[in-house]
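Okay, here's what each chain looks like letter by letter:
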Amino acid sequence: MTTGVRTGQATAERFKAAVEAGELGAVEELFTEDIRLYSPVKFKPFEGRPMVLGLFGVLLRTFEDFHYVGELAGSAQTAAGAAGGSADSAILIFRATVRGKQIHGIDLLQFDEAGLIKEFTVMVRPQSAVQALGEAVLAGLVADGLVEEGPAPRP
């Protein structure tokens, strides 16, 4: 096991504990300044620590009964593709409820050399839960002034 995987794994454990405790401040220190979050309901990523933290604030209010149920560690190519190369990664498997819909999902965390989260990809199922999540998150982002009101993002 490389040092990067161990560092990334320690970050994943800290992230998991912070999210389950609803501690947004503890999550902030685990992100790079230029973090990119790839959402299941929006094609373009959320970019930069302020926007991603704003999104996490909304998510922490939106999810009910959120809990992680498993994790995997390794490495994977980043969303930036060949230009971004491969990164130490962790997959955190979660369950939650949004507006009465059960969600099964994964958080793919990809780390920089210092072990901070540089890319974050969320995948959820089923489609009805994705739609409920998208509507709830958009309403929260609008309420917090992070985006302008408009049509719901398309998956």
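It should be emphasised that the depicted structure is a prediction, and the values quoted were computed from it without experimental measurement.

## Notes on the sheet that holds strand β1 (residues 31–38)
Judged by pairing direction, the sheet is mixed, and its six strands sit side by side in the order β2-β1-β6-β5-β4-β3 without closing on themselves. Two strands in the sheet have a free side with no partner beyond their single neighbour: β2 (46–47) and β3 (64–77). Where β1 lies against strand β6 (residues 117–125), four bridges are found, and the strand directions are parallel. What sits directly across from Tyr38, in β6, is Thr121. Along the sheet face, helix α3 (residues 49–62) touches β1, β2, β3, β4 (86–98) and β6 and points at about 55° away from the line of β1.

## Digging into the confidence of the model for the chain
Looking at the chain, pLDDT values average 88 and 89% of them are 70 or higher. Across the chain, element-level confidence peaks in β1 with a mean pLDDT of 96 and bottoms out in helix α1 (residues 3–21) with 84.

## A closer look at the pattern of salt bridges
Taken as a whole and judged by the stated rule, the model has seven salt bridges. The salt bridge partner of Asp144 is Arg61, with a shortest N-O separation of 3.0 Å. On the criterion of sequence distance, the pair formed by Asp144 in the segment after α4 (127–143) and Arg61 in helix α3 is long-range, its members being 83 residues apart. A salt bridge links Glu135 to Arg99; its shortest N-O distance comes to 3.7 Å. Separated by 36 residues along the polypeptide, Glu135 in helix α4 and Arg99 in the loop between β4 and β5 (101–111) bring together distant segments of the chain. The class of Glu135 is partly exposed, set by a relative accessible area of 36%. Three or more residues are tied together by salt bridges with common partners; here these are Glu13, Lys16 and Glu71.

## Some thoughts on the pairing of β1
In this structure, β1 lies alongside β2, joined through two bridges in antiparallel fashion. Residue pairing for β2: Arg36 is matched across the bridge by Glu47.

Parameters and conventions
Residues numbered from 1 in each chain as written. Predicted model: local features only at pLDDT ≥ 70, side-chain atom pairs only at ≥ 80, totals over all residues. Heavy atoms only, no water. Pairing = 2+ DSSP bridges. Helix = DSSP H or I, 4+ residues; strand = E, 2+ residues; numbered from the N terminus. Contact = heavy atoms within 4.5 Å. Axes fitted to C-alpha atoms, helices over the stretch in contact; angles between N-to-C directions. pLDDT = per-residue confidence, 0-100. Salt bridge = Lys/Arg side-chain N within 4 Å of Asp/Glu carboxyl O. Buried < 20%, exposed > 50% of the residue type's maximum accessible area, 1.4 Å probe, protein only.

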